[in-house]
Amino acid sequence: ASPKAIIVTTPNADYNALFPGLAPGAFRHADHRFEWSRADFKAWCIRVGTAYGYAHRIEALGEVNPEHAAPSQMAVFTREDAT
């Protein structure tokens, strides 16, 4: 499959510092398989987008904290030549 657009969301691990009682490195919810920092998510988006021919943009999801950004993040991957 080669869709024209793909949307990926993940919790922003940087934001976890704002949750009282959440240990450093701990996930917010037991069913989360990963929670990426903004830097890790950006690096992953660049790597995957380049490998599969997609451009991407990253957007904040939720209220933005000046230091830790938003609680979640979204990447929208797009490809012009997809059929």
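Residues numbered from 1 in each chain as written. Predicted model: local features only at pLDDT ≥ 70, side-chain atom pairs only at ≥ 80, totals over all residues. Heavy atoms only, no water.

## Topic: the side chain of Ser37
Piece 1. By the secondary structure assignment, Ser37 is in the loop between strand E1 (5-11) and helix H1 (38-52).
Piece 2. Only 3.0 Å separates the side chain of Ser37 from the backbone nitrogen of Asp40, close enough to count as a polar contact.
Piece 3. Non-local contacts of Ser37, meaning those with residues more than four positions away in its chain, are made with Asn12, Ala13, Asp14 and Gln73. (Helix = DSSP H or I, 4+ residues; strand = E, 2+ residues; numbered from the N terminus. Polar contact = N/O pair within 3.5 Å; in protein donor to acceptor, adjacent residues only side chain to side chain. Contact = heavy atoms within 4.5 Å.)

## Quick word on the packing of aromatic side chains
Piece 1. Within the structure shown, the criterion is met by seven aromatic pairs.
Piece 2. Their ring planes at 25° and their centres at 4.6 Å tell us that Phe34 and Trp36 sit as a pair that is stacked.
Piece 3. Judged by centre distance (5.8 Å) and plane angle (35°), the ring pair of Trp36 and Phe41 falls under tilted.
Piece 4. Of the residues examined, Phe41 reaches a relative accessible area of 0% and is grouped as buried.
Piece 5. Taken together, the aromatic side chains of Phe34, Trp36, Phe41, Trp44, Tyr54 and Phe77 make up a single cluster linked through ring pairs. (Phe/Tyr/Trp six-rings, centres within 6.5 Å; stacked < 30°, edge-to-face > 60°. Buried < 20%, exposed > 50% of the residue type's maximum accessible area, 1.4 Å probe, protein only.)

## What to know about the environment of Ile7
Piece 1. Of note, Ile7 is situated in strand E1.
Piece 2. With sequence-adjacent residues up to four places away left out, Ile7 is seen in contact with Met74, Ala75 and Val76.

## Section: the environment of Glu63
Piece 1. Positionally, Glu63 belongs in the loop between strand E2 (55-61) and strand E3 (72-78).
Piece 2. Assessed through its relative accessible area of 69%, Glu63 is described here as exposed.
Piece 3. On a C-alpha basis, the gap between Glu63 and Arg33 in space is 23 Å, while along the polypeptide they are 30 residues apart.
Piece 4. Those residues in contact with Glu63 that lie beyond four places of it in its chain are Tyr15, Ala69, Ala70 and Pro71.

## Brief notes about the confidence of the model for the protein
Piece 1. In this model, the protein carries an average pLDDT of 93, and 98% of its residues clear a pLDDT of 70 or more.
Piece 2. Averaged pLDDT values over the elements of the protein bottom out at 96 in E1 and peak at 98 in E3. (pLDDT = per-residue confidence, 0-100.)

## Quick word on unusual backbone geometry
The phi angle of most residues is negative, glycine excepted, and most peptide bonds adopt the trans form.
Piece 1. Located in the positive-phi region is Ala69, a residue other than glycine, with phi close to 70°.
Piece 2. Among the structural elements, Ala69 can be located in the loop between E2 and E3.
Piece 3. Taking relative accessible area as the criterion, Ala69 reaches 15% and is therefore assigned buried.

## Describing the sheet that holds E3
Piece 1. One open sheet accounts for three strands, arranged E1-E3-E2; its pairing is antiparallel. Unpaired on one side and paired on the other, E1 and E2 mark the two borders of the sheet. When strand polarity is set aside, the average angle formed by the axes of neighbouring strands in this sheet is 20°. (Pairing = 2+ DSSP bridges. Axes fitted to C-alpha atoms, helices over the stretch in contact; angles between N-to-C directions.)

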